[in-house]
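# Close look at the chain arrangement
Below are the chains, spelled out letter by letter.
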Amino acid sequence: MAIYNHFSQQLAGLREQNQFRQLPQLTHQGRFIHKDGKTMLNMSSNDYLGLANNAALRQAFLNQYQDQLPSLTSSSSRLLTGSFPIYDSLETLMANAFGRESALLFNSGYHANIGILPALADKQTLIVADKLVHASLIDGIRLAQCDFLRFRHNDYAHLAQILHKKHRTFARIIVVTESVFSMDGDLADLNQLVVLKQQFDNVMLYVDEAHAIGVYGATGLGLAQQQQCIEQIDLLVGTFGKALASMGAYVVCDQVLKDYLVNKMRPLIFSTALPPLNVAWTHFLFENLPHFSQQRQHLAQLSDYLRQQIVRLFNVTMPSESCIVPYILGDNQNTVQLAQQLQQQGYYCLPIRPPTVPQGTSRIRFSLSADMTFDDVTGLVGCLQELSA
Ligand SMILES: *Cc1c(COP(=O)(O)O)cnc(C)c1O
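Residues numbered from 1 in each chain as written. Predicted model: local features only at pLDDT ≥ 70, side-chain atom pairs only at ≥ 80, totals over all residues. Heavy atoms only, no water.

### Some remarks on helix α5 (residues 135-144)
Residues lying three or four places apart along an α-helix face the same way, a consequence of the helix completing one turn every 3.6 residues. Note the threshold: Per-residue accessibility, obtained with a 1.4 Å probe over protein chains only, is compared with the maximum for each type, and a residue is labelled buried under 20%, exposed over 50%, and partly exposed between these values. Numbered from the N terminus, helices here are DSSP runs of H or I no shorter than four residues, and strands are runs of E no shorter than two. By the convention used here, residues are in contact when the closest approach between their heavy atoms is within 4.5 Å.
All of the buried residues in α5 are Ser136, Leu137, Ile138, Gly140, Ile141 and Ala144. For α5, the secondary structure elements touched by its buried residues are α4 (109-120), β5 (125-130), β6 (147-151), β7 (172-178) and β8 (203-208). Glutamine 145 sits one or two positions beyond α5 and adopts a positive phi of about 50°.

The following block contains the structure:
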């Protein structure tokens, strides 16, 4: 149809610039995927603890039920009839685990991030976000329609400057960061942010732990637990779709903020709640989170090893301190080519290019999982060495 010509032309433009995206056709088998007739180690998933394919865990969950599984749909927003007891149990479990007044569940991290900021912010609010925060937070900031500024990535001196300059102009400032950043795998210094925030009486701190929940902390509660500042973070957000091998998201916060979100947050009010079966699975996994220390330790060891080897082989900068390990080549073409070669050799890793990352920092992003073995990773390192010899 003629009216669609516009769209096909735009798509043709994307194809020309090598930016055309397609849904990949693949099937999964444990930590491997099959694609285009090849079997490859999946180095691009967010299943950090390796729980997604843990059949024993799934069976243990299902064994709790005889023939009466929890419902597969909630049939309604939680504010109408979609709030099942399992939701409240999980919120109570989480609030207690984090030692905070309350927790509130959402359908996804994306819902959380596009909903919380617009609910809390008004014309007297300034949002100040790290330059590298996730697209969902950017969308939330846009929907908030309030003033906002970015501070240079992890540059708290820059953030301090902004806060000193602006804190009298606005009734409230919300500082937004991730704890583990998704493209560089580097970490925020949450304690430094807390100290900074506490110099002002009108600054709140919003931390997205999407890549950290499950992976960091003595009982897996995230980087805020590891850095011992859970109590000082106003809005501690995380998702269940990554290390927790489920779906959904949460915020832990004071009761007044939870009440406010329940009243004001559109993605919570106007979307059907997750199915009780899904929430029950999350509940089961969250209860078990303290018991995955071995997985956390193994993942940390695999990650240390891969980061060291990439630095040793290529003498590149390594921003990462986590299981997200970038090999920054810089050049677009070389990056795409190496990713293709690695896939040929059985390692499913993807090239990340501008505009997703800054110009001149094209990279291959390796995402490690606790169900990988040392042999898996030494195999990859051997392959990298051969391909670049
Ligand atoms: C993945 C991710 C999200 C989105 O979470 P979903 O549950 O997948 O919607 C939000 N924030 C960050 C930092 C993420 O990496």
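Back to the write-up after that little detour.
### Describing the sheet that holds strand β13 (residues 350-352)
Short version of the rule: In this scheme, strands are said to pair when DSSP sees at least two bridges between them. Under this scheme, a helix contributes an axis fitted over its contacting stretch, all axes are lines through C-alpha atoms, and angles between N-to-C directions fall in the 0 to 180 degree range.
Here 3 strands make up an open sheet; going across it, the order is β11-β14-β13 and the pairing antiparallel. The open sheet has two free edges, formed respectively by β11 (324-330) and β13, since each of these has just one partner strand. Each strand axis lies, on average, 30° off the axis of its neighbour in the sheet, ignoring direction. Pairing between β11 and strand β14 (residues 362-367): 6 bridges, direction antiparallel. Its bridge partner lying in β14, proline 326 is registered against arginine 365. Where helix α13 (residues 332-344) meets the sheet, it contacts β11, β13 and β14, and its direction lies at approximately 30° from that of β14.

### Things to note about empty space enclosed by the protein
Definition in use: Cavities and pockets are found on a 1 Å grid laid over the protein atoms alone: a cavity is a set of points where a 1.4 Å probe fits but cannot escape, a pocket is an open set with protein on both sides within 12 Å along at least five of seven lines, and a lining residue has an atom within 4 Å of such a point. Grid points are joined across faces, edges and corners, and a volume is the space filled by probe spheres set on the points. Side-chain classes are defined by residue name, with Ala, Val, Leu, Ile, Met, Phe, Trp, Tyr, Cys and Pro counting as nonpolar, Asp, Glu, Lys and Arg as charged, and the others, Gly among them, as polar.
Under the counting rule described, the total for this entry stands at 2 cavities of 30 Å³ or more. There is about 80 Å³ of room inside the largest cavity. Surrounding the largest cavity, 13 residues form its lining, Phe106, Asn107, Pro267, Leu268 and Ser271 being those nearest its centre. Mapped by element, the contributors of at least two residues to the lining of the largest cavity are β4 (102-106) and α10 (266-269). In terms of residue class, the lining of the largest cavity is built from 7 nonpolar, 5 polar and 1 charged. Within this model, the second largest cavity holds a volume of roughly 40 Å³.

### Description of the nonpolar core
Cut-off, in case you're wondering: Residues grouped as a nonpolar core are buried Ala, Val, Leu, Ile, Met, Phe, Trp, Tyr and Cys residues, joined through side-chain atoms within 4.5 Å.
Phe98, Ile310, Leu342, Phe366 and Leu368 are the most contacted members of the largest nonpolar core, which totals 92 residues. Considering each element in turn, this core owes the most residues, 7 residues, to helix α11 (residues 276-288). With near-sequence residues (within four places) excluded, leucine 368 lies in contact with Met43, Tyr48, Leu299, Leu302, Ser303, Leu306, Cys323, Val325 and Val377. Counting residues in each nonpolar core, the second largest holds 29 residues, with Ala112, Leu120, Ala144 and Leu268 among its members.

### Some thoughts on the packing of helix α12 (residues 293-314) against helix α14 (residues 374-387)
Quick note on the threshold: Roughly parallel refers to an angle under 35 degrees, roughly antiparallel to one over 145, roughly perpendicular to one between 65 and 115, and oblique to any angle outside these ranges.
Two elements in contact, α12 and α14, have axes whose closest approach is 10 Å; the angle formed by their N-to-C orientations is 10°. Judged by the angle between their axes, α12 and α14 are roughly parallel. Along its contact with α12, which presents His298, Gln301, Leu302, Tyr305, Leu306, Gln309, Ile310, Arg312, Leu313 and Phe314, the element α14 presents Phe374, Val377, Thr378, Leu380, Val381, Leu384 and Gln385. Grouping the amino acids of the contact of α12 with α14 by side-chain chemistry returns 11 nonpolar, 5 polar and 1 charged.

### Some words on the UniProt feature "domain: Aminotransferase class I/classII large" (unreviewed entry) in the protein
Operational definition: UniProt positions are given in the numbering used here, feature names are shortened, and annotations may be inferred rather than shown by experiment.
Taking the numbering used here, the UniProt-annotated feature "domain: Aminotransferase class I/classII large" (unreviewed entry) corresponds to residues 39-381. Taken as a whole, residues 39-381 contains 40% helix and 18% strand, while its terminal C-alpha atoms sit 18 Å from one another.

### Digging into the pattern of salt bridges
A side chain with one charge can pair with a side chain of the opposite charge if their charged atoms come near. Quick reminder of the rule: Here, a salt bridge means any side-chain nitrogen of Lys or Arg that lies within 4 Å of a carboxyl oxygen of Asp or Glu.
This structure, assessed with the given rule, holds 12 salt bridges. The partner of aspartate 155 in a salt bridge is arginine 152, and the shortest N-O contact between them spans 3.1 Å. For aspartate 155, a relative accessible area of 21% corresponds to the partly exposed category. One salt-bridge network, in which partners are shared between bridges, spans Arg78, Asp88, Glu91 and Lys258.

### Remarks on the site of the ligand
The following threshold applies: What makes a residue near a molecule or strand is one non-hydrogen atom of that residue sitting within 4 Å of it. Polar contacts, as used here, are pairs of N or O atoms within 3.5 Å; protein pairs need one atom able to donate a hydrogen and one able to accept it. Residues neighboring in sequence count only if both atoms are side-chain atoms. Working definition of accessibility: Shrake-Rupley area with a 1.4 Å probe, residue cover restricted to the visible protein chains. To be counted as sitting in a cavity or pocket, a molecule needs more than half of its atoms within 2 Å of that site's grid points.
In the vicinity of the ligand, the contacting residues are Ser108, Gly109, Tyr110, Asn113, His134, Ser136, Glu178, Asp208, Ala210, His211, Thr239 and Lys242. At 2.6 Å from a nitrogen atom of the ligand is found a side-chain nitrogen or oxygen belonging to aspartate 208. Protein contact buries 84% of the 380 Å² of open area that the ligand shows by itself. The cavity where the ligand resides is the second largest pocket. In terms of residue count, the dominant contributor to the shell around the ligand is α4 (3 residues). Class assignment of the residues belonging to the shell around the ligand gives a composition of 2 nonpolar, 7 polar and 3 charged.

### Considering the pairing of β6
Here is the rule we go by: By convention a crossover is right-handed if, when the strands point away from the viewer, the path from the first strand over the helix to the second runs clockwise.
Pairing of β5 with β6 involves 5 bridges; the strand directions are parallel. Paired with alanine 129 across the strands is arginine 150, a residue of β6. Chirality of the crossover, the property in question, places the unit of β5, α5 and β6 among those that are right-handed.

### Quick word on the environment of arginine 100
Relative to the helices and strands, arginine 100 is located in the loop between α3 (85-98) and β4. Along the chain, arginine 100 and isoleucine 230 lie 130 residues apart, while their C-alpha atoms are 8.2 Å from each other. Aside from chain neighbours lying at most four places away, what touches arginine 100 is Ala95, Ile230, Glu231, Ile233, Asp234, Cys253 and Asp254. Polar contacts involving the side chain of arginine 100 include one to the main-chain carbonyl oxygen of isoleucine 230, which spans 2.9 Å.

### Observations concerning the state of the cysteines
Spelled out, the test is: Any two cysteine sulfur atoms lying within 2.5 Å of each other are counted as a disulfide.
Under the counting rule described, the total for this entry stands at 0 disulfides. Here cysteine 229 is not disulfide-linked; the sulfur of cysteine 253 is the nearest cysteine sulfur, at 16 Å. No disulfide involves cysteine 349; its sulfur sits 8.8 Å from that of cysteine 383, the nearest cysteine. Residue cysteine 349 is classed as buried on the basis of its relative accessible area of 0%.

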